Amino acid sequence: MRTHPFPWRSHLLLITTLALATGACSKNKETAAPPPTPVTVATARSEDVPLSREWVGQTMGAVDIEIRARVPGWLNGIHFKEGTEVKKGALLYTIDTTELEQTVNEAKAKLAQAKTLLARAESDVNRYKPLAAAGAVSQRDLEDAVAMYDARKSEVEAAQAALRLAEVNLGYATITAPVDGLIGISAARVGDYVGRPPNPVILNTISRVDSIHVRFSITEQEYMELVRRRQAEPEAQQQPRELEMIFADGSVYPYKGRFVYAQRQVDAATGTLQLEASFPNPERTVRPGQFAKIRTIAEERKNAVVIPSRAIIDLQGQKMVYCVGDSNKVAMRRVVVGPQAGNQTVINEGVAAGDRVIVEGMQKVRPDAVVAPTEARTDSAAAGATH
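My aim in this report is to walk through the structure given alongside it, one point at a time. Fair warning: this is a prediction, and the values are worked out from it, not measured in the lab.

### Description of the overall build of the protein
- Of regular secondary structure, the protein possesses five helices and 20 strands.
- The buried share of the protein, taken over its 387 residues, is 29%.
- For the protein, contacts bridging at least 24 residues in sequence account for 76% of all contacts bridging at least 6.
- Of the roughly 24,300 Å² of accessible surface on the protein, 53% is carried by carbon and sulfur atoms.

### Some thoughts on the pattern of salt bridges
- Per the stated rule, a full pass over the model turns up 21 salt bridges.
- With a shortest N-O distance of 3.1 Å, arginine 152 and glutamate 155 are connected by a salt bridge. Of this pair, arginine 152 and glutamate 155 are both found in helix α3 (residues 139–171), three residues apart, which corresponds to roughly one turn of the helix.
- Taking relative accessible area as the criterion, glutamate 155 reaches 35% and is therefore assigned partly exposed.
- A salt bridge links arginine 295 to glutamate 244, with the shortest nitrogen-to-oxygen separation between them at 2.9 Å. Placement of the pair is arginine 295 in strand β13 (residues 291–308) and glutamate 244 in strand β10 (residues 244–247), with a sequence separation of 51 residues.
- A relative accessible area of 23% means that arginine 295 is categorised as partly exposed.

### As for the packing of aromatic side chains
- Counted by the stated rule, this structure contains seven aromatic pairs.
- Residues phenylalanine 247 and tyrosine 253 carry aromatic rings whose centres are separated by 5.7 Å and whose planes lie at 80° to one another, so their mutual orientation is edge-to-face.
- Overall, phenylalanine 247 belongs to the buried group, its relative accessible area being 16%.
- Through a chain of ring-to-ring contacts, the aromatic side chains of Phe247, Tyr253, Tyr255 and Phe279 assemble into a single cluster.

### What about the pairing of strand β19 (residues 356–360)?
- Both strand β1 (residues 37–43) and β19 contribute to a ladder of four bridges, which runs antiparallel. The residue bridging threonine 40 from the neighbouring strand is glutamate 360, located in β19.
- Pairing analysis gives two bridges linking strand β15 (residues 318–324) to β19, with the strands arranged antiparallel. The partner of cysteine 323 across the bridge, within β19, is valine 357.

### Section: the side chain of serine 278
- As for its position among the elements, serine 278 is in strand β12 (residues 272–280).
- Reaching out from serine 278, the side chain makes a polar contact with the side chain of histidine 213 at a distance of 3.5 Å.
- Beyond its immediate stretch of four places on either side in the chain, serine 278 contacts Ser211, Ile212, His213, Gly257, Arg258 and Val260.

### Focus on the sheet that holds strand β6 (residues 174–176)
- The strand order β6-β5-β3-β8 describes an open sheet built from four strands, whose pairing is antiparallel. Unpaired on one side and paired on the other, β6 and β8 (193–194) mark the two borders of the sheet.
- Two elements, strand β5 (residues 91–95) and β6, share three bridges in a ladder whose sense is antiparallel. Along β6, the bridge assignment pairs leucine 91 with threonine 176.

### Quick look at the pairing of β13
- Sheet topology places strand β2 (residues 45–68) next to β13; 13 bridges connect them, and they run antiparallel. Its bridge partner lying in β13, glutamate 54 is registered against arginine 295.
- Looking at chain direction, β10 and β13 are connected through four bridges and run antiparallel. Pairing of phenylalanine 247 across the sheet is with alanine 292, part of β13.
- Across four bridges, β13 lies against strand β18 (residues 344–349) in antiparallel orientation. Paired with valine 305 across the two strands is isoleucine 347, which belongs to β18.

### Considerations on helix α2 (residues 98–134)
- Here α2 contains 37 residues, and its C-alpha end-to-end distance of 55 Å stays within 8% of the 54 Å for a straight helix at 1.5 Å per residue.
- Where α2 bends most, the angle comes to about 25°, and this point is tyrosine 128, followed within four residues by the proline proline 130.
- Those residues of α2 that fall on the buried side of the exposure criterion are Leu100, Val104, Ala107, Leu111, Ala114, Leu118, Ala121, Val125 and Ala132.
- Packed against the buried residues of α2 are α3.
- The first or second residue beyond α2 is glycine 135, which carries a positive phi of 80°.

### Comments concerning the side chain of threonine 59
- Topologically, threonine 59 is positioned in strand β2.
- Overall, threonine 59 belongs to the buried group, its relative accessible area being 4%.
- Only 2.6 Å separates the side chain of threonine 59 from the backbone oxygen of arginine 287, close enough to count as a polar contact.
- A distance of 2.7 Å separates the side chain of threonine 59 from the backbone nitrogen of glutamine 290, its partner in a polar contact.
- If near-sequence neighbours (up to four positions away) are discounted, threonine 59 is found in contact with Ile212, His213, Val214, Met245, Val286, Arg287, Pro288, Gly289, Gln290 and Ala292.

### Notes on the nonpolar core
- Membership of the largest hydrophobic core comes to 19 residues, with the highest contact counts inside it found for Val86, Leu92, Tyr93, Ile95, Val194, Leu203 and Ile206.
- Of all elements in the fold, only β5 and β9 (202–219) reach the threshold of two or more residues within this core.
- When residues in this core are grouped by element, the largest group, three residues, is from β5.
- Beyond its immediate stretch of four places on either side in the chain, tyrosine 93 contacts Ile67, Leu75, Gly77, Ile78, His79, Phe80, Ala173, Thr174, Ile175, Ser186, Leu203 and Asn204.
- Core analysis: the next-biggest nonpolar cluster, separate from the first, contains 18 residues, Val209, Ile212, Val214 and Met245 among them.

The rules we used
- Residues numbered from 1 in each chain as written.
- Predicted model: local features only at pLDDT ≥ 70, side-chain atom pairs only at ≥ 80, totals over all residues.
- Heavy atoms only, no water.
- Helix = DSSP H or I, 4+ residues; strand = E, 2+ residues; numbered from the N terminus.
- Buried < 20%, exposed > 50% of the residue type's maximum accessible area, 1.4 Å probe, protein only.
- Contact = heavy atoms within 4.5 Å.
- Areas by Shrake-Rupley, 256 points an atom, 1.4 Å probe, with all protein chains shown as cover.
- Salt bridge = Lys/Arg side-chain N within 4 Å of Asp/Glu carboxyl O.
- Phe/Tyr/Trp six-rings, centres within 6.5 Å; stacked < 30°, edge-to-face > 60°.
- Pairing = 2+ DSSP bridges.
- Polar contact = N/O pair within 3.5 Å; in protein donor to acceptor, adjacent residues only side chain to side chain.
- Expected span 1.5 Å × (residues − 1).
- Bend = angle between axes of the 7 residues up to and from the residue.
- Core = buried A, V, L, I, M, F, W, Y, C linked by side-chain atoms within 4.5 Å.

In structure tokens, the structure reads:
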């Protein structure tokens, strides 16, 4: 049997071949490209966007009237159920009339006394006139009698005025509802002395709530902006703006409102102008003192480019978006944003209608990366999917 003179050479060749093959496989594995990153994109749209404004306010009655004790005295009767509707003229409170009736009686007595003195003075004048004509009394005596008559006449008029005032004050002891409305909880109870500080003077408040008012404030800049837009509109298109009322729980009031008043001046301390809006309240469900936001369409931006707000990234104070090009390559763009409209944001610069922006998965991508985009569902489709 013949042996190979160099058997180790065969083994070395085999080992070298295996090493090269293994290295080539490893290199191929290292250079294989990773699969594209899946992302969700939305297409920028051009549309007319209504832009709304909101202001915080508080509700109040269409008429809020304070019920006051106009004369001091002991409260001896409350004649209504607190927190209910009352009719105009309904009896609300009665105040003890003992002292007031005494004042009326005293005024009557003084009037009677003044009338008696007036009658005597008139009698003196009538008696002195013929005597003065006959020279039986001096002209000076007649003039004194006439002067006394005039004085007594003035005393009667003063006594009559005092009696009328006493009777008016007596009438104030009976307090009735000045309007139909919702009355609150009484600030005084039977037996309290009212009508003179520190005792209660304002006993209650009646609010007319068939319509409800909301008082709120806008900034001076907003006011000037609204005025300029109003002036820029053709007169034929100028119509009262409808208002929406939003409650503290986020629900929207079903009835629309309108502006009714504006304060005459801007508050110099806050730089705001106070406005008041009115809303129908047929079911009487809205009460004074509720927190409410007022919302209205301030303007309509024509052919505005909008994208979902969630696509915008705040990077060191600059607004950025990831755009996906035709080859599904990612590019980061700086954008200039405008106002928000719901969950959409108006883009003034940086994105054009038809561009695709990433709305989900932007944390996993980098510029120039290739992605696998999936179109996001529209708001209506998403809403339909949840119901």
